[in-house]
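# Structure at a glance
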Amino acid sequence: MSRPRNVFPPGALVLIHGVGHVWQGYAANFLNFLDPNRSAPFVMKRRDGTVGMPTDDDFEDLLEAEAVEILPPASTDKTDAVRNASEWCYDDLKDLDPVAKVRLAACTMCDAAGVPNGAKAIDIFLSAKWTAKHEADVGPRPKGETVRKWRRTRGHVHSRLPRHMVAMQGRMRLAPNVSDVAAEVRAKHVLLHFAKDMPYYAVHDGYEAEMNAINEGRSDLYPKPDVPHPVQSYWTIYRHCIRLKQRATEAERIGEAAAYQDYEGGGKALTARFAMQKVIIDHTEMDVYCVDPERRMVFGRPWLSLAVDVATGAIVGHLISFHEPSTWTISKLLLEVAKPKKPPADLAEQFPALRSMRGTIRLAIVDNGPELRSLSFESAAKGIGTSIRWVKKNHPRHKAKGERKLGTLNRYVCWRLRGRAIPIAESRRRDYNGEAEAFHVIDEVEAVTRHAIAHLNIRPNRLEGKRPPALLWEELAGQHGLVNPPNLRAFCIESMPVIPAATLTNSGIELWGMRYQGARAVQELLGDLLPLEGRRRRAGKQTATVKVKYDPLNIGSIWVWNVKTRQYVELRASDPEYCEGMPLAVHKQVLAQMKADGEAYIDPATLRATRNRLVEFVKALDPNASARARAAVAKLYEIPRIRALTGPIEHLDTSTAESAAMADFIPAQLQSLTALDTEILAPRKPWGGRPRPAVDDDDDDAPAPRPVGRSRRRHPQYE
């Protein structure tokens, strides 16, 4: 039986190793990607060792190596090109354009219902479907004529992204007008701020003096205008100076060394007609406890997420993580469905369909929990051609196929493993503790799961006429081909969890007890973002507030939003050996275990007592320090403003009944003393010369005082 062929969106640009290619179709059994720059097809080294156009297996190898990226068709309109190049998410629409959410909601509602693109038809439909909830969430109902224009000019059916709905009507110029004398004079004086390190008021004074000379006809460079040029205010000049503040201009103003230090841091039965038309996504907690032998910890029971094709009953994707089900879990599963699978090598060679079970999901059916609902996730999924449907309440048959497959796989994987979980009543009857018996690591559970999925996909299914799901999927997929989704990177970034306000410094960003940095990336981010921070900056204290997205399954990297370039910048962890591949949930358990180990090592009371002894010993080193401090405090307390803020102070002494001596810190056993300890404990001469000893009249053994006027003449015997 022939294998299903690859299908690409019309006009899409296929990036192979970063080089753009145009899909030309199949040439015999080879994929023909044309390189427009060389007017030649893409060739590579195939599996058999020959060089030529790739086969289906070779293309899947490229997909698995993440060497292929499918971009949407390029637009000839400059405004649409700017929108497509941006990575705006649904959460950004409120700040960019308040009407963007209204546009997105109205267009997607009309597209989903199949409303003709006519003003009257749209008015009739929206008047019935635009409820009070839409009024509260997105805004008032738009007119039909307006929606008709939106649907014609902003995206197309099944591909209306949030960035398509942003109005590109800004009035800020991208380049100065050379014929504008006022703009030319302003730019010249603004640049003087960096060339001569002039203060803002001096820049404005020079600008105002030259503009007055031009308006009065006293300038030798510019003629007197018929209508006087407007003289802009101090704050306008200040804003233009801030806009130009970056590493290059700051290096000219404060020097290369200073700029380097400041800017560089470091219902009914569900049916489908073809494969991938409808896919059910469900989640459950696996019946086994996982451990970490390196840290000797029990992580707990991981979550298993499964994607089951409705038409064939095949398992087309799975995800094992310690992250509870959420929109991010579903998005990660959609990415796994789009990639080639990794079954056992012997089964993959015998059944090629096990590896090529991939493609774009037309309709994903998920739970109706609040943690699985998100308009931003829904709009991101539509960008790769996937629609999201939430299961209605009291419709359990809608997901029966997915729930059965999920329960079967969970039993297949866990019942043989040591440390499996059993019902509570049964565990009490047997006196069994699965957590205490835990033995397997997450990699072993993943390997067993992959083998179990391959077994279930090739096992005959009694509900499908004793045909294996892999065979049925291969037949149905061969009729429609494998649709490769576009914008996988943008979908992956948009569906990640968000940290709305993180602090970016010269050394990167600190999250979860780790530091994320990159020499060039941090430098470019600060250069772009610091001018937008206003005056909240000092030398060596360069900070910017940024939006960060992260992958809960791999905290080795984070993605920082650059407001100026409208792109996400990747920063990597400073400890990649630990962080690469580390899930966030496991990292938090490691931190909790480390904290518990530290508290078990020393109790807080002992730690406080040790610190108190250190404080008392420092006080004992200089007995007069307390008296000087009390005098200084009394002097400050005489100021009325300070006394009003501090309130009444009755005692100024901070000494306690306890005291600490040198012997408390250095052992007194003679056999344990070192040469350094002996030198420290030895009596010392008073500082500042020998003082005159006090004479006690009652003490006959007291030394005689030094005679006054004693000279330093040489002894007679040496003369």
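For the structure itself, consult the block above.
Residues numbered from 1 in each chain as written. Predicted model: local features only at pLDDT ≥ 70, side-chain atom pairs only at ≥ 80, totals over all residues. Heavy atoms only, no water.

## Some remarks on the pairing of strand 20 (residues 544–551)
Under the convention used in this document: Three labels apply to residues, based on accessible area from a 1.4 Å probe with only protein chains included: buried if under 20% of the type maximum, exposed if over 50%, partly exposed otherwise in between. Secondary structure follows DSSP: runs of H or I at least 4 residues long count as helices, runs of E at least 2 residues long count as strands, and numbering of each begins at the N terminus. A pair of strands is labelled paired if DSSP reports no fewer than 2 bridges between them.
Most of strand 20 is tucked away, with 7 of its 8 residues classed as buried. For strand 17 (residues 498–504) and strand 20, the ladder comprises 5 bridges, and the chain directions are antiparallel. By the bridge assignment, Ile-499 is partnered in strand 20 with Val-548. Pairing geometry for strand 20 and strand 21 (residues 554–562), over 4 bridges, is antiparallel. In the sheet register, Val-548 faces strand 21, and the bridge partner there is Val-560. Linking two consecutive strands that pair antiparallel, namely strand 20 and strand 21, is a turn of 2 residues.

## Observations regarding the pattern of salt bridges
Filter applied, for reference: The term salt bridge refers to a pairing of a side-chain nitrogen on Lys or Arg with a carboxyl oxygen on Asp or Glu at a separation within 4 Å.
Using the criterion set out here, one finds 25 salt bridges in the structure. Its salt-bridge partner being Arg-355, residue Glu-60 comes within 3.2 Å of it at the nearest N-O pair. Linking Asp-97 and Arg-103 is a salt bridge whose minimum nitrogen-to-oxygen distance equals 2.6 Å. The pair formed by Asp-97 and Arg-103 is uniform in burial state, with each residue classed as buried.

## Observations regarding the side chain of His-204
Quick note on the threshold: Residues adjacent in sequence count toward polar contacts only when both atoms are side-chain atoms; beyond that, a polar contact is any pair of N or O atoms within 3.5 Å, and within protein one must be able to donate a hydrogen and the other to accept it. The criterion used for residue contact is that any of the two residues' heavy atoms lie within 4.5 Å.
The residue His-204 is located in helix 9 (residues 200–215) in this model. Looking at His-204, its side chain comes within polar contact range of the main-chain nitrogen of Tyr-234, at 3.3 Å. Residues within four places of His-204 in sequence aside, it is in contact with Gln-232, Ser-233, Tyr-234 and Ile-237.

## Quick word on the nonpolar core
Here is the rule we go by: Only buried residues count toward a nonpolar core, which is a set of Ala, Val, Leu, Ile, Met, Phe, Trp, Tyr and Cys residues joined through side-chain atoms within 4.5 Å.
In this structure, Leu-126, Trp-130, Ile-281, Leu-334, Trp-473 and Phe-491 are the most contacted members of the largest nonpolar core, which totals 64 residues. Dropping the residues within four chain positions of it, Trp-473 is found in contact with Pro-4, Ala-275, Met-276, Asp-309, Thr-312, Val-316, Ser-356, Met-357, Arg-358 and Leu-482. Of all hydrophobic cores here, the second largest spans 48 residues; its members include Phe-299, Cys-414, Ala-544 and Val-586.

This is a description of form; function is not addressed.
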